[in-house]
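Structural description and commentary
Chain by chain, the residues:
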Amino acid sequence: MTRATLDKQPHEVASMFDDVAANYDLTNDVLSLGQDRRWRREVARAVDARPAQRVLDLAAGTGTSSLPFTRAGAYVVPCDFSLGMLREGKRRHPWLPLTAGDATRLPFADDVFDAVTISFGLRNVQDTDRALRELYRVTKPGGRVVICEFSHPTWAPFRTVYEEYLMRALPPVARAVSSNPDAYVYLAESIQSWPDQPELAARLQGAGWAKVAWRNLSGGIVALHRGTKPR
């Protein structure tokens, strides 16, 4: 079994996700107390995929996050760097064009997608700023980005309770439901070390995105960041 370190070596992170692929969606549902379903619905609303639009779903894992876009009639490309996740996704959703790719070197041409989105994956990329620039590169002028990522609760008392859950309650629960509980210790640590909402917004602006804004979900446990590529 593998536990990635916070310096986020790509092979370590990919191997860790390979290990947890089979039970990944179930584990997330349990650990988030079902909130992950609501978060993904909010992502789908923010992306607002339309028929015939091209959507890149980066860090798509098993492809579960891509299904709302296909139901909207868009052409979605689920992309992930974990081959284990992609194999599990192909077993479940053989019709999806699952694609292997690194967020810092996307295997797509410039100005291809009407919308790009990444949920709970940007935190695991070795070079966040480079990934944001890559997402910008492959988006059409006038296109949009939606990032759903764990963040920092805005109310101090709740933030204390949440951090206690991450470091004390999450590992025992993960041991009960995950094939690689050590991976979820890494995930808890990576959430704590992740930039807060204003800092991620500033990074989006630094990568060229305009009209950057964010909305907190579940009291700031998760933040939904949005931006537009200028025409």
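Data block above holds the structure.
The structure reproduced in this document is the subject of the present report. (Residues numbered from 1 in each chain as written. Predicted model: local features only at pLDDT ≥ 70, side-chain atom pairs only at ≥ 80, totals over all residues. Heavy atoms only, no water.)

1. With respect to the sheet that holds strand E6 (residues 210–217)
Strand order in the open sheet formed by 7 strands is E3-E2-E1-E4-E5-E7-E6, with mixed pairing between adjacent strands. If you trace the sheet from one side to the other, it starts and ends with strand E3 (99–100) and E6, each paired once. Here strand E2 (residues 75–80) pairs with E3 via 2 bridges, running parallel. Considered in E3, the bridge of Cys79 is made with Thr99. Running over the sheet, helix H3 (residues 35–47) touches strand E1 (54–58), strand E4 (113–119), strand E5 (139–150), E6 and strand E7 (222–228) and is turned about 165° from E5. (Pairing = 2+ DSSP bridges. Helix = DSSP H or I, 4+ residues; strand = E, 2+ residues; numbered from the N terminus. Contact = heavy atoms within 4.5 Å. Axes fitted to C-alpha atoms, helices over the stretch in contact; angles between N-to-C directions.)

2. Some remarks on unusual backbone geometry
Even without being glycine, Asp48 reaches a positive phi, approximately 50°. Mapped onto the elements of the fold, Asp48 is located in the loop between H3 and E1. Under the relative-accessibility criterion, Asp48 is labelled partly exposed at 34%. Here the phi dihedral of Phe120 falls at roughly 60°; this positive angle occurs in a residue that is not glycine. Looking at where Phe120 falls in the secondary structure, it is placed in the loop between E4 and helix H6 (128–138). Owing to a relative accessible area of 9%, Phe120 belongs among the buried residues under this scheme. (Buried < 20%, exposed > 50% of the residue type's maximum accessible area, 1.4 Å probe, protein only.)

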